[in-house]
Amino acid sequence: FMSCTTLLSPFTMCPTLQPSREVVASLKRTVERCHTRVEDLRNFRSVTFTGVFSHRFRDVSDEIRAIVVESIGSWVVVLPTEFLADTYLKYLAWALSDRSALVRGKALAALDRLYSNSENIPRLHDFTNRFTSRFTELMYDVDEGVAAAGLQLLAKLVEHKVIKEKDVSGVYGMLTLSNASLRHAAAGLVVQLLPEQGREAVEKAQQQLQADAATIDTSQQGGKPARGAKGKASKPRAGQGAAAAAAAAADAILEDNHQLILAGLLAVMAKIA
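How each quantity is defined
Position numbers for residues start from 1 in each chain and track the written sequence from start to end. Residue-level local features of this predicted model are given only where pLDDT is at least 70; pairs of side-chain atoms are given and counted only at 80 or more, and the full residue set underlies all totals for whole chains, interfaces and linings. Note that water and hydrogens are dropped before the side-chain values are worked out from all heavy atoms of the structure. Helix and strand labels come from DSSP, where a helix needs a run of H or I of at least four residues and a strand needs a run of E of at least two; each type is numbered from the N terminus. With a 1.4 Å probe rolled over the protein chains alone, any residue whose accessible area is under 20% of its type maximum counts as buried; one over 50% counts as exposed, and the rest are partly exposed. Note on contacts: a residue pair is in contact if any heavy atoms of the two residues lie within 4.5 Å. Computed with the Shrake-Rupley method and a 1.4 Å probe, the accessible areas treat only the protein chains shown as cover for residues. Helix axes are fitted to C-alpha atoms over the stretch in contact, other axes to C-alpha atoms as well, and angles between N-to-C directions run from 0 to 180 degrees. Put simply, angles under 35 degrees are roughly parallel, angles over 145 are roughly antiparallel, angles from 65 to 115 are roughly perpendicular, and the rest are oblique. The hand of a helix crossing depends on one turn: near helix anticlockwise from the far one by less than a right angle means left-handed, and clockwise means right-handed. Amino acids are sorted into nonpolar (Ala, Val, Leu, Ile, Met, Phe, Trp, Tyr, Cys and Pro), charged (Asp, Glu, Lys and Arg) and polar (every other residue, Gly among them). Under the convention used throughout, the expected extent of a helix is 1.5 Å for every residue step, that is, one less than its residue count. Polar contacts, as used here, are pairs of N or O atoms within 3.5 Å; protein pairs need one atom able to donate a hydrogen and one able to accept it. Residues neighboring in sequence count only if both atoms are side-chain atoms. For this analysis, a nonpolar core means a set of buried residues of the types Ala, Val, Leu, Ile, Met, Phe, Trp, Tyr and Cys, connected via side-chain atoms within 4.5 Å.

**Structural notes on the overall build of the protein**
Helix and strand content of the protein: twelve helices and zero strands. Shown N-terminal to C-terminal, the secondary structure of the protein runs as helices and strands in the order α-α-α-α-α-α-α-α-α-α-α-α. Scored against the burial criterion, the 273 residues of the protein give a buried share of 34%. Taking contacts inside the protein between residues at least 6 apart in sequence as the whole, the part at least 24 apart equals 61%. Summed over its atoms, the accessible surface of the protein is roughly 16400 Å², and 57% of this surface lies on carbon and sulfur atoms.

Right, dumping it as structure tokens:
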């Protein structure tokens, strides 16, 4: 809502249009009425939510509960400034454990839309940390549609770097499931994991090569540092050269996202082989 200063800006910009006291008083009353109406609407919303939606959330009918969850999800997505708060988010989280697959699916659909907006991620930090374990359990849901939706949500969380590979490591085994929708959803999650998998694989290989190079140098030098005729260090051994080349190659891969994805793909193939 515009403040009195905003409403009076035309007058302040043009000294010849100085408002009378009556105009200023009228504008102030208008602003006060607007604020009062906003507060009345907020109070009405609170009473309606507490008196209707919070009770119907526990309705015996799966369809009624699904409508309630879908409505709350729509409010949070459309107007996060008012509804992106624990007061409303907790209902979406609780609905993930509803006995009805229909209700769980509605909650997942709302969360998927919510996490699709990157601007919401910082404000969802505490909520995500609190319910990460439940999010990861959903990819094993008894209902295949809910499990697929859970995998899609997890893919978004990985994309936004909200959860790590270790939280969803069981997804690799789902790539060989007979259900096509689950395989497709699992593949979508794995794709988001490839860069992280590639980075881990490259860094592990780099460490192994450096260790092997050190072992080669030690065996060539008889366990002692090689020295020149005047006590100076000798030229780098074969192991040292190999370690330097490996480090350079690894650094190049780590800086190239496409190479990381390829390395991650090879690592995943090794896991499911």
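**Observations regarding the packing of helix H7 (residues 101–116) against helix H8 (residues 125–137)**
Contact geometry of H7 with H8 gives a least axis separation of 14 Å together with a crossing angle of 135°. The angle between the axes of H7 and H8 places the two elements in the oblique class. The crossing of H7 and H8 is left-handed. Taken together, the residues of H8 that come into contact with H7 (itself represented by Arg 104, Leu 111 and Tyr 115) are Phe 127, Thr 128, Arg 134 and Phe 135. A per-class count over the contact of H7 with H8 returns four nonpolar, one polar and two charged.

**Re the side chain of Thr 128**
Relative to the helices and strands, Thr 128 is located in helix H8. When near neighbours in sequence (up to four residues on either side) are disregarded, Thr 128 contacts Tyr 115, Phe 135 and Val 162.

**Comments concerning H7**
Because each turn of an α-helix spans 3.6 residues, side chains separated by three or four positions in sequence point in the same direction. For H7, built from 16 residues, the straight-helix expectation of 22 Å at 1.5 Å per residue is met to within 8% by its first-to-last C-alpha distance of 22 Å. Three or more residues of H7 are buried, namely Val 103, Arg 104, Ala 107, Leu 108, Ala 110, Leu 111, Asp 112, Leu 114 and Tyr 115. In this fold, the buried residues of H7 make contact with helix H4 (62–78), helix H6 (86–95), H8 and helix H9 (144–159). Between a side-chain oxygen at the N-terminus of H7 and the backbone nitrogen of Leu 102 the separation is 3.2 Å; the capping residue is Ser 100.

**Overview of the nonpolar core**
Residues Leu 111, Tyr 115, Phe 127, Phe 135, Leu 151, Val 171 and Leu 189 are the most contacted members of the largest nonpolar core, which totals 52 residues. Within the residue set of this core, elements represented by two or more residues are helix H3 (21–56), H4, H6, H7, H8, H9 and helix H10 (180–220). For this core, the element with the most residues is H9, which contributes nine residues.

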